[in-house]
Amino acid sequence: MRPVFRPDPALQVGAYQTYAWAAPRDTRIKSVCEEVGCLAWLHGWTSTFDESTELGRRQADYVRHRAGRTFRERRTEAGLTVFEFESGQRCFANHETRPAVWWVRGGDWRQDRGLIRRHVNGRDWVEDFAEHQDRVARQIERG
């Protein structure tokens, strides 16, 4: 493994912040469609059932009476039942993701100065990081 290249820092340890994230191995959590970028949630989807079979009748009955989703129903010329589901609602898949932790710590690789904040999602962490970079850029411009 190649050694990590770290240029000599220009400032003291306390002038730096470290942005990091981690995801535990072998851990999965149940997630909602929106969090995982589910295409069915984003665009809607169709489900087609053959109600001439027992399985098809049970599936169609579930959609009509217990699924709790918004849909339009139609029949094809072949006698199949098609359910068209609108976007923005939970699909029928069981989604899983790996949990992640996003944090900002004081200091750099030379010394950890402790936790500044822990973000609840990656979007907030990225926004925090971008704002920090902007502050640094403005300080450099001022001299």
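Keep in mind it's a predicted model, so treat the numbers as computed, not measured.

Engineer: Where do I start with the pairing of strand β8 (residues 111-119) in this structure?
Structural biologist: Side chains on a regular strand alternate between the two faces of the sheet. As paired elements, strand β7 (residues 101-108) and β8 share six bridges and run antiparallel to each other. Of the residues in β8, the one forming a bridge with Gly 107 is Asp 112. Counted along the chain from β7 to the antiparallel partner β8, the turn is two residues long.

Engineer: Got a minute to help me understand the nonpolar core in this structure?
Structural biologist: Soluble globular proteins: nonpolar side chains tend toward being buried together. In terms of nonpolar packing, the biggest core is built from ten residues, these being Cys 33, Cys 38, Ala 40, Trp 45, Phe 49, Ala 60, Val 63, Phe 83, Phe 85 and Cys 91. Mapped by element, the contributors of at least two residues to this core are β3 (45-49), α3 (54-65) and β5 (81-85). What Phe 83 contacts, discounting residues up to four positions off in sequence, is Trp 45, Thr 46, Ser 47, Phe 49, Ala 60, Val 63, Arg 64, Phe 71, Arg 72 and Glu 73.

Engineer: Can you help me understand the sheet that holds β5 in this one?
Structural biologist: Whether parallel or antiparallel, the strands of a sheet pair through hydrogen bonds between backbone atoms. The three strands are arranged β3-β5-β4 in an open sheet whose pairing can be described as antiparallel. Two strands close off the open sheet at either side, each with one partner strand: β3 and β4 (71-75). Adjacent strand axes in the sheet meet at a mean angle of 20° when their direction is disregarded. Here β4 runs beside β5; their pairing, made up of five bridges, is antiparallel. The residue bridging Arg 72 from the neighbouring strand is Glu 84, located in β5. Across the sheet, α3 touches β3, β4 and β5, and the angle it forms with β5 is around 30°.

Engineer: Quick question: what am I supposed to make of the sheet that holds strand β1 (residues 17-22) here?
Structural biologist: Overall, antiparallel pairing links the three strands, which are arranged β1-β7-β8 in an open sheet. Strands at the two margins of the open sheet, each flanked by one partner only, are β1 and β8. In this sheet, adjacent strand axes meet at a mean angle of 30° when their direction is disregarded. In this fold helix α4 (residues 122-142) packs onto β1, β7 and β8, with an angle of close to 160° to the strand it touches most, β1.

Engineer: I'm lost on the side chain of Ser 47 in this one. Help?
Structural biologist: On the secondary structure map, Ser 47 appears in strand β3. On the accessibility criterion, Ser 47 (14% relative accessible area) is buried. Apart from the residues within four sequence positions on either side, Ser 47 is in contact with Thr 81, Val 82, Phe 83 and Phe 85.

Engineer: Sorry, what's going on with α4 here?
Structural biologist: Residues separated by three or four positions in an α-helix point in the same direction, a consequence of the helix having 3.6 residues per turn. Taking 1.5 Å of rise per residue, 21 residues should cover 30 Å, and α4 covers 30 Å from first to last C-alpha, within 8% of that figure. Along α4, the positions that sit buried rather than exposed are Gly 122, Trp 125, Asp 128 and His 132. Down the axis of α4, the buried set is contained in an arc of 125°. They therefore lie on one face. Seen from the buried face of α4, the exposed residues on the opposite side, beyond 90 degrees, are Arg 123, Glu 141 and Arg 142. As for α4, its buried residues are in contact with β1, β7 and β8. One side-chain oxygen at the N-terminal end of α4 lies 3.1 Å from the backbone nitrogen of Arg 123; it belongs to Asn 121. Just downstream of α4, Gly 143 is the residue with a positive phi angle, here 95°.

Calculation notes
Residues numbered from 1 in each chain as written. Predicted model: local features only at pLDDT ≥ 70, side-chain atom pairs only at ≥ 80, totals over all residues. Heavy atoms only, no water. Pairing = 2+ DSSP bridges. Helix = DSSP H or I, 4+ residues; strand = E, 2+ residues; numbered from the N terminus. Core = buried A, V, L, I, M, F, W, Y, C linked by side-chain atoms within 4.5 Å. Buried < 20%, exposed > 50% of the residue type's maximum accessible area, 1.4 Å probe, protein only. Contact = heavy atoms within 4.5 Å. Axes fitted to C-alpha atoms, helices over the stretch in contact; angles between N-to-C directions. Expected span 1.5 Å × (residues − 1). Arc of directions from axis to C-beta. Polar contact = N/O pair within 3.5 Å; in protein donor to acceptor, adjacent residues only side chain to side chain.

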